[in-house]
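Structural description and commentary
Below, each chain spelled out in residue letters.
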Amino acid sequence: MNIKSLIDDHPMTGLQFSVVVVCFLMNMLDGMDVLIMSYTAPAIAKAWGTGPEALGAVFSTGLLGMTIGTLFISPFADRIGRKNMMLISAIIMGVCIYLTSYSTSVNHLLIFRFVSGLGIGSMLATTAALIAEYTPNKTKDFWVSAAIAGYPTGAVVSGLISAKVIPVDGWAQMFKYAGYASILAVAVILFFLYESIDYYLKAQPRNALMKVNEILAKMKHSSISALPALPPKQAAIPLDKLLDTEYKKDTIQLWAALFMAFATLYFLTSWIPKLASNAGLPLHLAIYAGTVFNVGAFFGIMSQGYLSTKFGLKKTLGYIFIFTTILMCSFSFFAGSGLLLLIFGLLGFGIQGGFVGLYALAARMYPTSFRATGVGWAMGAGRLGGIVGPALGGILIGAGLSMTANFLVFALPALLAGLITFRLGSKEVS
């Protein structure tokens, strides 16, 4: 029996939908835990008298943790399983984000944001790999994007809560709430998430045949009598597979596109409240600018997933990044106007729709045996851009560079991401 054909040729079952929903919820937590620093930054800066350069370092340190998490932790999902890796990630996130509420200095923030970033980075990469293995080939791009749409949804939820909680209870309370939610996620993973069938077939841990048949029964498919021959054992982090002859060019192109997309995205997500305030919005509306940005992101991700199934992933992503570039170059026409919130929403639609599509592209490009590694390292390469973006933004804003100039600077990597995506050569990606 070809299990891949079973998944590709049959409608989605309740079990498959439950996997998508759990991964969506985990990505909601990621969005909450990443953006909470952005939402609390103005209050922390006011309480501690901290300047934009120091906060830029905190943003970048969190992203450094995420980078290491995607590069060196998420690949172990190919060895220990997707579900186990998600459990580890949720525990790291919950404990460290809760402890962040007790920070009394920038040094504390640097440590806690770095460690929590390890869990956030490994969670995102693992969910993308798991969704790719549980969904039909024809609609895989849509479902990967739909699950990762949890990320901006979480950012929206945390933004709405932040606007109510921070003025009354202070910034530390937000980290406590996020920590509680992340710990609760551990129970959700334990009781409602199913391990990847592909993982059981390729890694063949103890009782793999029994577990595969249990999952097939829940999907209302016939059982199998034996596991396939065990593939040759590979290194825990099989980087040689990513850079061998077959994948080398496509891998480098994907890494470059993600680096550029992340640089623009994390500049925007880290500094949107500050940028909105500097562009003429009052402080209470500047907080909502981040929320509007992520509402736009949700619709951008879902639209990108749908359009990719119709017109192909590379073409859809290329045009989305170019649309984002045009918006950023025209920002000066809207600064100080009532349309500014709409522009932030459209920017979220474009840049987040594009970068999540690159996750789907990575999940499609690599085979099961090193998919988590491929997705993890692609995200890791992207997060290097994410480290550069907020830090450079802090320097530019601190130096007094105008909003128009900031947006022009970060329009360039968005344009390059689109051009690189157009030229990506992988035969696995339409």
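Placed above this text is the structure.
Residues numbered from 1 in each chain as written. Predicted model: local features only at pLDDT ≥ 70, side-chain atom pairs only at ≥ 80, totals over all residues. Heavy atoms only, no water.

**Focus: the overall build of the protein**
Our working definition: Each helix corresponds to a stretch of at least 4 residues labelled H or I by DSSP, and each strand to a stretch of at least 2 residues labelled E; elements are numbered beginning at the N terminus. Values of the radius of gyration come from C-alpha atoms, whereas the globule rule sets the reference at 2.2 Å times the count of residues to the power 0.38. Classification of residues uses two cut-offs on accessible area relative to the type maximum, computed with a 1.4 Å probe and protein chains only: under 20% is buried, over 50% is exposed, and between them is partly exposed. Here, two residues are considered to be in contact whenever any of their heavy atoms come within 4.5 Å of each other. With residues, only the protein chains shown are counted as cover, and all accessible areas are computed by Shrake-Rupley using a 1.4 Å probe. Positive residues here are Lys and Arg, negative ones are Asp and Glu, while His and the chain termini are left out of the count. Where a charge sits is defined by one atom per residue type, namely NZ (Lys), CZ (Arg), CG (Asp) or CD (Glu).
On a plain count of helices and strands, the protein comes out with 18 helices and zero strands. Here the C-alpha radius of gyration of the protein, 21 Å, is about what a compact globule of 430 residues would show, namely 22 Å. In terms of overall dimensions, the protein has C-alpha extents of about 65 × 45 × 35 Å along its principal axes. Across the 430 residues in the protein, those meeting the buried criterion constitute 58%. In the protein, the share of contacts with a sequence separation of at least 24, taken over all contacts with a separation of at least 6, comes to 84%. Of the roughly 16300 Å² of accessible surface on the protein, 68% is carried by carbon and sulfur atoms. When the 28 basic and 17 acidic side-chain charges of the protein are each reduced to a single mean position, those positions are 2 Å apart.

**Topic: the side chain of Lys140**
Definition in use: Any carboxyl oxygen of Asp or Glu that lies within 4 Å of a side-chain nitrogen of Lys or Arg is treated as forming a salt bridge with it.
Tracing the chain through its elements places Lys140 in helix H7 (residues 140-148). Summary of buried charges: Lys140 has no salt-bridge partner, and the nearest side chain of opposite charge, Asp8, is 5.1 Å away. Aside from chain neighbours lying at most four places away, what touches Lys140 is Ala132, Thr135 and Arg364.

**Structural notes on empty space enclosed by the protein**
Think of a ball as big as a water molecule: rolled over the atoms, this probe shows where empty space is left. Operational definition: Buriedness for pockets is judged along seven lines, at least five of which must meet protein on both sides within 12 Å for an open set on the 1 Å grid over protein atoms alone, while cavities are sets there where a 1.4 Å probe fits but cannot get out, and lining residues have an atom within 4 Å of a point. Grid points are joined across faces, edges and corners, and a volume is the space filled by probe spheres set on the points.
Under the definition given, this model contains one cavity of 30 Å³ or more. In this structure, the largest cavity spans a volume of roughly 110 Å³. The set of elements that each furnish at least two residues to the lining of the largest cavity consists of helix H2 (14-48), helix H3 (52-73) and helix H13 (248-278). It is H3 that contributes the most residues to the lining of the largest cavity, five residues altogether.

**Here's the deal with the environment of Pro205**
The topology assignment puts Pro205 in the loop between helix H10 (197-203) and helix H11 (208-218). Along the chain, Pro205 and Ser402 lie 197 residues apart, while their C-alpha atoms are 56 Å from each other. Apart from residues no more than four positions distant in its own chain, Pro205 is found in contact with Tyr199 and Tyr200.

**A word on the packing of helix H8 (residues 150-169) against helix H9 (residues 171-192)**
The following threshold applies: To get an axis, fit a line to the C-alpha atoms, keeping to the stretch in contact for a helix; angles then go from 0 to 180 degrees between the N-to-C directions. Put simply, angles under 35 degrees are roughly parallel, angles over 145 are roughly antiparallel, angles from 65 to 115 are roughly perpendicular, and the rest are oblique. Rotating anticlockwise by less than a right angle from the far helix to the near helix defines a left-handed crossing, while the corresponding clockwise rotation defines a right-handed one. Note on residue categories: nonpolar means Ala, Val, Leu, Ile, Met, Phe, Trp, Tyr, Cys or Pro, charged means Asp, Glu, Lys or Arg, and polar means any other residue, Gly included.
Two elements in contact, H8 and H9, have axes separated by 7 Å at closest approach and are oriented at 135 degrees. By the criterion of interaxial angle, the relationship of H8 to H9 is oblique. Between H8 and H9 lies a crossing whose hand is right-handed. Judged by residue contacts, Ser158, Ile161, Ser162, Val165, Ile166 and Asp169 of H8 engage Trp171, Gln173, Met174 and Tyr177 from H9. Its residues placed into classes, the contact of H8 with H9 shows six nonpolar, three polar and one charged.

**Observations concerning helix H16 (residues 340-365)**
Note the following rule: Between the first and last residue of a helix there are one fewer steps than residues, each counted as 1.5 Å, and that sum is the expected span.
End to end, H16 covers 37 Å across 26 residues, agreeing with the expected 38 Å (1.5 Å per residue, within 8%). The buried count for H16 comes to 22 of 26 residues, which makes it a mostly enclosed element.

**Looking at the packing of aromatic side chains**
Counted only if it meets this: A pair of aromatic rings is counted whenever rings of Phe, Tyr or Trp (Trp by its six-membered ring) have centres within 6.5 Å, and the orientation is called stacked for planes under 30 degrees apart, edge-to-face for over 60 and tilted otherwise.
Counted according to the given criterion, the structure contains 17 aromatic pairs. Judged by centre distance (5.6 Å) and plane angle (90 degrees), the rings of Trp48 and Trp171 are edge-to-face. Of this pair, Trp48 sits in helix H2 while Trp171 sits in helix H9, placing them 123 residues apart in sequence. Its relative accessible area of 11% is what places Trp171 among the buried residues.

**Focus on the environment of Ile80**
Mapped onto the secondary structure, Ile80 falls in helix H4 (residues 77-80). The exposure class assigned to Ile80 is partly exposed, which follows from its relative accessible area of 32%. With 253 residues separating them in the primary sequence, Ile80 and Phe333 have C-alpha atoms 52 Å apart. Excluding its chain neighbours within four sequence positions, the residues that come into contact with Ile80 are Met85, Ile88 and Tyr199.

**Remarks on the pattern of salt bridges**
Going through the model one piece at a time under the given rule, you end up with four salt bridges. Salt-bridge contacts for Asp78 lead to Arg82; the nearest nitrogen and oxygen are separated by 2.7 Å. In this structure, Arg371 and Glu133 form a salt bridge, with 3.2 Å as the shortest nitrogen-oxygen distance. Residue Arg371 is found in helix H17 (residues 371-398), and its partner Glu133 is found in helix H6 (residues 106-134); the two are separated by 238 residues along the sequence. Take Arg371: its relative accessible area is 9%, and that puts it in the buried class.

**Quick word on unusual backbone geometry**
With a phi angle near 50 degrees, Gln204 is a residue other than glycine that sits in the positive phi range. With respect to the helices, strands and loops of the structure, Gln204 is situated in the loop between H10 and H11. Positive phi is not limited to glycine here, since Lys220 has a value of about 65 degrees. One can find Lys220 in the loop between H11 and helix H12 (239-242). Classification of Lys220 by relative accessible area gives exposed; the value is 75%.

All we've got here are geometric facts, nothing functional implied.
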